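Okay, here's what each chain looks like letter by letter:
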Amino acid sequence: MRSRFSAFAVGDEAYLMATWHPADRPARLDLDRKVAWTELEVLESTGGSPVHTEGTVRFRAHFVNRRVPGVLDEHSRFVRLAGRWVYAGVVASGR
């Protein structure tokens, strides 16, 4: 999760695509260069140890978009694929 946040912050589209599950990955990624990702708060995580094949991360990512601050709250799912953790979308919520 932290590495993907860093990739968003520096605009590393290749890394983001490589760490996105192929079943959920968009065909193309066009990052908005006017969005500056400024801070990541990891609020909770499950799984993710060497013995797990799945995990989740609930986080809050702070950004500034055209001088206006904002926050993205997400509960993400990650799976181990070929030995690497990849982003597999947003956890479905019962709310």
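Residues numbered from 1 in each chain as written. Predicted model: local features only at pLDDT ≥ 70, side-chain atom pairs only at ≥ 80, totals over all residues. Heavy atoms only, no water.

Moving on, we get to the side chain of Ser76. Here Ser76 is to be found in strand β3 (residues 68–81). On the accessibility criterion, Ser76 (1% relative accessible area) is buried. Within the structure, the side chain of Ser76 is placed 2.6 Å from the side chain of Glu74, a separation counted as a polar contact. Each residue touching Ser76, except ones within four places of it in the same chain, is listed here: Gly55, Thr56, Val57, Phe59, Tyr87, Gly89, Val90 and Val91. (Helix = DSSP H or I, 4+ residues; strand = E, 2+ residues; numbered from the N terminus. Buried < 20%, exposed > 50% of the residue type's maximum accessible area, 1.4 Å probe, protein only. Polar contact = N/O pair within 3.5 Å; in protein donor to acceptor, adjacent residues only side chain to side chain. Contact = heavy atoms within 4.5 Å.)

We now examine helix α1 (residues 2–10). Among all positions of α1, only Arg4, Phe5 and Ala7 are buried. Considered in projection along α1, the buried side chains sweep an arc of 160° and stay on one side of the axis. Away from its buried face, by an angle of more than 90 degrees, α1 presents the exposed residues Arg2 and Val10. Looking at the buried side of α1, the elements it contacts are α2 (13–18), β1 (35–47), β2 (54–65), β3 and β4 (84–90). Gly11 occupies a position one or two residues after α1 and carries a positive phi of about 75°. (Arc of directions from axis to C-beta.)

Moving on: the sheet that holds β3. With antiparallel pairing, 4 strands are arranged side by side in an open sheet as β1-β2-β3-β4. At either margin of the open sheet sits one strand with a lone partner, and together these are β1 and β4. Each strand of the sheet is rotated relative to its neighbour by a mean of 35°, with strand direction disregarded. Sheet contacts for α1: β1, β2, β3 and β4; angle to β1, the most-contacted strand, approximately 170°. (Pairing = 2+ DSSP bridges. Axes fitted to C-alpha atoms, helices over the stretch in contact; angles between N-to-C directions.)

This brings us to the pairing of β3. Bridge analysis of β2 against β3 gives 12 bridges, and the strand direction is antiparallel. Bridge assignment links Gly55 to a residue of β3, and that residue is Phe78. In this structure, the hairpin formed by β2 and β3 is closed by a connection of 2 residues, where Arg66 is found at a positive phi of approximately 55°. Note: β3 against β4, 5 bridges, orientation antiparallel. Residue pairing across strands places Arg80 opposite Trp85, the latter belonging to β4. What sits between β3 and β4 in their antiparallel hairpin is a turn of 2 residues, with Ala82 showing a positive phi close to 55°.

For the rest of this paragraph, the subject is the layout of surface pockets. Reported here for the largest pocket is a volume of approximately 250 Å³. Around the largest pocket sit 16 residues that line it, and Met1, Gly48, Val57, Phe78 and Trp85 are the ones nearest its centre. For the lining of the largest pocket, the secondary-structure elements that each account for two or more residues are α1, β1 and β2. A total of 4 residues in the lining of the largest pocket trace back to one element, the largest contributor, which is β1. (1 Å grid on protein atoms, 1.4 Å probe; cavity = no way out; pocket = protein on both sides within 12 Å on 5 of 7 lines; lining within 4 Å. Points joined across faces, edges and corners; volume = space filled by probe spheres on them.)

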